[in-house]
Amino acid sequence: AQSVTQPDIHITVSEGASLELRCNYSYGATPYLFWYVQSPGQGLQLLLKYFSGDTLVQGIKGFEAEFKRSQSSFNLRKPSVHWSDAAEYFCAVGAQGGKLIFGQGTELSVKP
Amino acid sequence: NAGVTQTPKFRVLKTGQSMTLLCAQDMNHEYMYWYRQDPGMGLRLIHYSVGEGTTAKGEVPDGYNVSRLKKQNFLLGLESAAPSQTSVYFCASSWGLAGVRAGELFFGEGSRLTVL
């Protein structure tokens with residue numbers, strides 16, 4: 001069965017520091033992978049996605065993610081975090097039938 | 001631009017009561033989904049639909065029923081509410097996993113349900 005694991009429940013970084021959020025997936029075929037962000041009290045917004053081709057994908061708000069098939073990973077990165085990036089981040093895999101399976105989420109706090 | 005609208009936004013139920021959550025989308029999406037969000041559990045898929053008149057079970061379907069009689073609406077029903085169903089429920093819609101905007105889910109603002 002398809003599954004997604006986000007090993008870090010909560011991460012705190014200083015404003016201006018770099019960020020990497022981890023995501024590991026389990027899927028038999030070439031996966032469709034996504035990162036979503038949820039601000040407090042809101043629904044989720046798509047940051048970026050990987051379907052095929054270049055394994056480094058760019059998204060909105062300065063985020064990027066790299067697909068590594070050998071490690072079954074799709075980690076999210078940002079070179080310099082802003083206070084407004086504080087939110088919860090979800091990795092997801094597109095599964096059979098058109099559904100998306102989400103990970104448990106990583107809450108990001110940003111220190112001034 | 002309404003996007004995805006969920007009603008009601010808040011509801012308190014007693015154990016055993018029934019209720020229906022309504023989701024409406026105005027983007028002509030084929031796919032619609034109901035997720036529940038609980039602390040530390042992420043979003044878990046309850047049921048989804050790939051088109052009008054179709055529904056399918058997700059990861060946690062027990063205790064819920066759904067209907068998609070019209071393309072723009074997706075209803076989530078609780079026949080006999082239990083405290084374990086206390087959660088925030090999110091509806092989402094999409095074009096599915098094909099095309100330029102494949103996999104992009106559009107979410108409603110959520111419905112907070114408390115079962116006493």
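Residues numbered from 1 in each chain as written. Chains lettered and ligands numbered in written order. Predicted model: local features only at pLDDT ≥ 70, side-chain atom pairs only at ≥ 80, totals over all residues. Heavy atoms only, no water.

(A) Spatial organisation of the overall build of chain A. Tallying secondary structure elements over chain A gives zero helices and 12 strands in all. When the helices and strands of chain A are placed in sequence order, the string is β-β-β-β-β-β-β-β-β-β-β-β. Here the C-alpha atoms of chain A give a radius of gyration of 13 Å, agreeing with the 13 Å that 2.2 N^0.38 yields for 112 residues. Taking all contacts inside chain A whose residues are at least 6 apart in sequence as the whole, residues at least 24 apart take part in 53%. Only carbon and sulfur atoms are counted for the fraction: they give 47% of the accessible area of chain A, which is about 5,200 Å². For chain A, the distance from the average position of its 9 positive side-chain charges to the average position of its 9 negative side-chain charges is 6 Å. (Helix = DSSP H or I, 4+ residues; strand = E, 2+ residues; numbered from the N terminus. Rg over C-alpha atoms; globule rule 2.2 N^0.38 Å. Contact = heavy atoms within 4.5 Å. Areas by Shrake-Rupley, 256 points an atom, 1.4 Å probe, with all protein chains shown as cover. Lys, Arg positive; Asp, Glu negative; His and termini not counted. Charge placed at Lys NZ, Arg CZ, Asp CG, Glu CD.)

(B) Here's a closer look at the packing of aromatic side chains. Residues and elements named next belong to chain B. Applying the stated rule across the entire model yields 19 aromatic pairs over all chains. Relative to Tyr48, the ring of Tyr33 lies with its centre 6.4 Å away and its plane at 20 degrees, an arrangement referred to as stacked. Taken together, the positions of Tyr33 in strand β4 (residues 31–38) and Tyr48 in strand β5 (residues 42–49) put the pair 15 residues apart, joining distant regions of the chain. Taking the relative accessible area as the measure of exposure, Tyr33 reaches 0% and is therefore buried. Here Tyr48 falls in the buried class, since its relative accessible area comes to 8%. (Phe/Tyr/Trp six-rings, centres within 6.5 Å; stacked < 30°, edge-to-face > 60°. Buried < 20%, exposed > 50% of the residue type's maximum accessible area, 1.4 Å probe, protein only.)

(C) Molecular detail of unusual backbone geometry. In this structure, the amide linkage connecting Thr7 of chain B to the following residue, Pro8 of chain B, adopts the cis form with an omega of -5 degrees. Among the structural elements, Pro8 of chain B can be located in the loop between β1 (4–7) and β2 (10–13). The backbone phi angle of Ser72 of chain A is positive, close to 50 degrees, even though this residue is not glycine. On the secondary structure map, Ser72 of chain A appears in the loop between β8 (64–68) and β9 (73–78). With phi around 60 degrees, Asn28 of chain B is a residue other than glycine that occupies positive phi space. By the secondary structure assignment, Asn28 of chain B is in the loop between β3 (19–25) and β4. For Asn28 of chain B, a relative accessible area of 54% gives the class exposed.

(D) The arrangement of the interface of chain B and chain A in detail. Contacts between chain B and chain A engage 23 residues on the former and 24 residues on the latter. Carbon and sulfur atoms supply 59% of the area buried between chain B and chain A, which totals about 1,700 Å² over both sides. Three residues stand out in chain B for area buried against chain A, namely Leu43, Leu97 and Phe107 of chain B, and they jointly supply 30% of the buried area on that side. Our count for the chain B to chain A interface comes out at zero salt bridges. Of all the secondary-structure elements, those providing two or more residues to the side of chain B that touches chain A are β4 and β5 of chain B. In terms of residue class, the side of chain B that touches chain A is made up of 14 nonpolar, five polar and four charged. (Buried area = accessible area lost by both parts, 1.4 Å probe. Salt bridge = Lys/Arg side-chain N within 4 Å of Asp/Glu carboxyl O. Nonpolar A, V, L, I, M, F, W, Y, C, P; charged D, E, K, R; others polar.)

(E) Spotlight on the state of the cysteines. Under the criterion given, the structure shown has two disulfides over all chains. Cys23 of chain A shares a disulfide with Cys91 of chain A; S-S distance 2.0 Å. The sign of the -65 degrees torsion about the S-S bond sets the Cys23 of chain A-Cys91 of chain A disulfide as left-handed. Residue Cys23 of chain A is found in the loop between β3 (19–21) and β4 (24–26), and its partner Cys91 of chain A is found in strand β10 (residues 87–94); the two are separated by 68 residues along the sequence. Of the two residues, Cys23 of chain A and Cys91 of chain A, both sit in the buried class. A sulfur-sulfur separation of 1.9 Å characterises the disulfide bridge that pairs Cys23 of chain B with Cys91 of chain B. (Disulfide = S-S within 2.5 Å.)

(F) Quick look at the nonpolar core. Counting residues in each nonpolar core, the largest one holds 28 residues, and the members touching the most others are Leu19, Trp35, Leu47, Leu48, Phe74, Leu76 and Tyr89 of chain A. Among the elements of the structure, β2 (10–14), β3, β5 (32–38), β6 (44–50), β8, β9, β10 and β12 (106–111) of chain A are those that each provide at least two residues to this core. The element that contributes the greatest number of residues to this core is β10 of chain A, accounting for four residues. Dropping the residues within four chain positions of it, Leu48 of chain A is found in contact with Leu33, Phe34, Trp35, Val57, Gln58, Gly59, Phe63, Glu64, Ala65, Phe74 and Leu76 of chain A. Among the nonpolar cores identified, the runner-up in size contains 20 residues, and Phe34 and Phe102 of chain A together with Tyr33 and Leu43 of chain B belong to it. (Core = buried A, V, L, I, M, F, W, Y, C linked by side-chain atoms within 4.5 Å.)

(G) Spotlight on the environment of Pro40 of chain A. Within the secondary structure, Pro40 of chain A is located in the loop between β5 and β6. With relative accessibility at 70%, the residue Pro40 of chain A sits in the exposed group.

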